[in-house]
Amino acid sequence: MDVDIAIVPMGLGHLREVLDLGDEVFDTNTKPYTSWSLTSIAEHLDNPDGSCWVALDSDRVVGFVLGSMEFELREDWSYLEWIAVAPHMQGLGIAGRLVDMCCAALFSRGARRIVTDVEIDNTASAALMTRHGFTEGTTVTLLVRPNPDQPEVAADAPNLSAATKRTFARTGRLRR
């Protein structure tokens, strides 16, 4: 499939489509310490570091990446936090182009390292990041303690059970 996809800086006019695409592709129950929301997008867009990009098919957002020059307390490390491509557009190299644009912007702003994290079962994202120079830095296991005084709601039980068994790989150092 030959497609002409433009990668452009994310602007205010892209917010709704970015939010909707994120709602479509992200499973925030898998990574409960982070939430996908309009606020998380707006915080990235409000940063002047130019590390938020969208992939456009004509004028429709079919992918995005949100990065920032802020990671924990490290002034010289940045964070590639969110990346998504519409399911019908996956496998066309769009995600790789988004990663490259975001990383180039972060390095040009002074980042010495770029950090991202990938849920351990998300092998496609892990492979993408590895192809683009990320290597595993530290593995963190998310431990969850339910409130013993509150019964589990049936809808919460599978997510809670799964979350206690997931290991999250926080990757570091991008080499190119």
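Procedures and definitions
- Residues numbered from 1 in each chain as written.
- Predicted model: local features only at pLDDT ≥ 70, side-chain atom pairs only at ≥ 80, totals over all residues.
- Heavy atoms only, no water.
- Helix = DSSP H or I, 4+ residues; strand = E, 2+ residues; numbered from the N terminus.
- Contact = heavy atoms within 4.5 Å.
- Areas by Shrake-Rupley, 256 points an atom, 1.4 Å probe, with all protein chains shown as cover.
- Buried < 20%, exposed > 50% of the residue type's maximum accessible area, 1.4 Å probe, protein only.
- Arc of directions from axis to C-beta.
- Core = buried A, V, L, I, M, F, W, Y, C linked by side-chain atoms within 4.5 Å.

Engineer: Looking at this structure, how should I read the overall build of the protein?
Structural biologist: Assigned secondary structure in the protein consists of five helices and seven strands. Scanning the protein from its N terminus toward the C terminus, one meets helices and strands in the order β-α-α-β-β-β-α-β-α-β-α-β. Taking contacts inside the protein between residues at least 6 apart in sequence as the whole, the part at least 24 apart equals 68%. Split by element, the accessible area of the protein, about 10000 Å² in all, is 51% carbon and sulfur.

Engineer: Sorry if this is basic, but what is going on with helix α2 (residues 38-46) here?
Structural biologist: For an α-helix, 3.6 residues make a turn, and residues three or four places apart therefore share a direction. Along α2, the positions that sit buried rather than exposed are Ser40, Ile41 and His44. What you see down the axis of α2 is that its buried residues fit within an arc of 100°, all on one side. The exposed set on the far side of α2, more than 90 degrees from its buried face, consists of Glu43 and Asp46. Looking at the buried residues of α2, the elements they touch are α1 (15-25), β2 (52-57), β3 (60-68) and β4 (77-85).

Engineer: What exactly am I supposed to notice about unusual backbone geometry here?
Structural biologist: Apart from glycine, the bulk of residues carry a negative phi angle, and the bulk of peptide bonds sit in the trans form. In this structure, Ser58 is a non-glycine residue whose phi angle is positive, near 65°. Among the structural elements, Ser58 can be located in the loop between β2 and β3. On the basis of relative accessible area, Ser58 is assigned to the exposed category, the value being 67%.

Engineer: Would you take a moment to explain the nonpolar core for this structure?
Structural biologist: Ranked by size, the top nonpolar core spans 40 residues in total, and within it Phe64, Leu80 and Leu98 carry the most contacts. When contributions to this core are tallied by element, the ones reaching two or more residues are β1 (5-9), α1, β2, β3, β4, α3 (94-108), β5 (113-119) and α4 (123-131). With seven residues, α3 is the largest single contributor of residues to this core. For Leu98, the contacting residues outside a window of four places in its chain are Ile7, Trp53, Val54, Ala55, Gly63, Phe64, Val65, Ile83, Ala84 and Val85.

Read these as layout, nothing more, since geometry by itself doesn't imply function.
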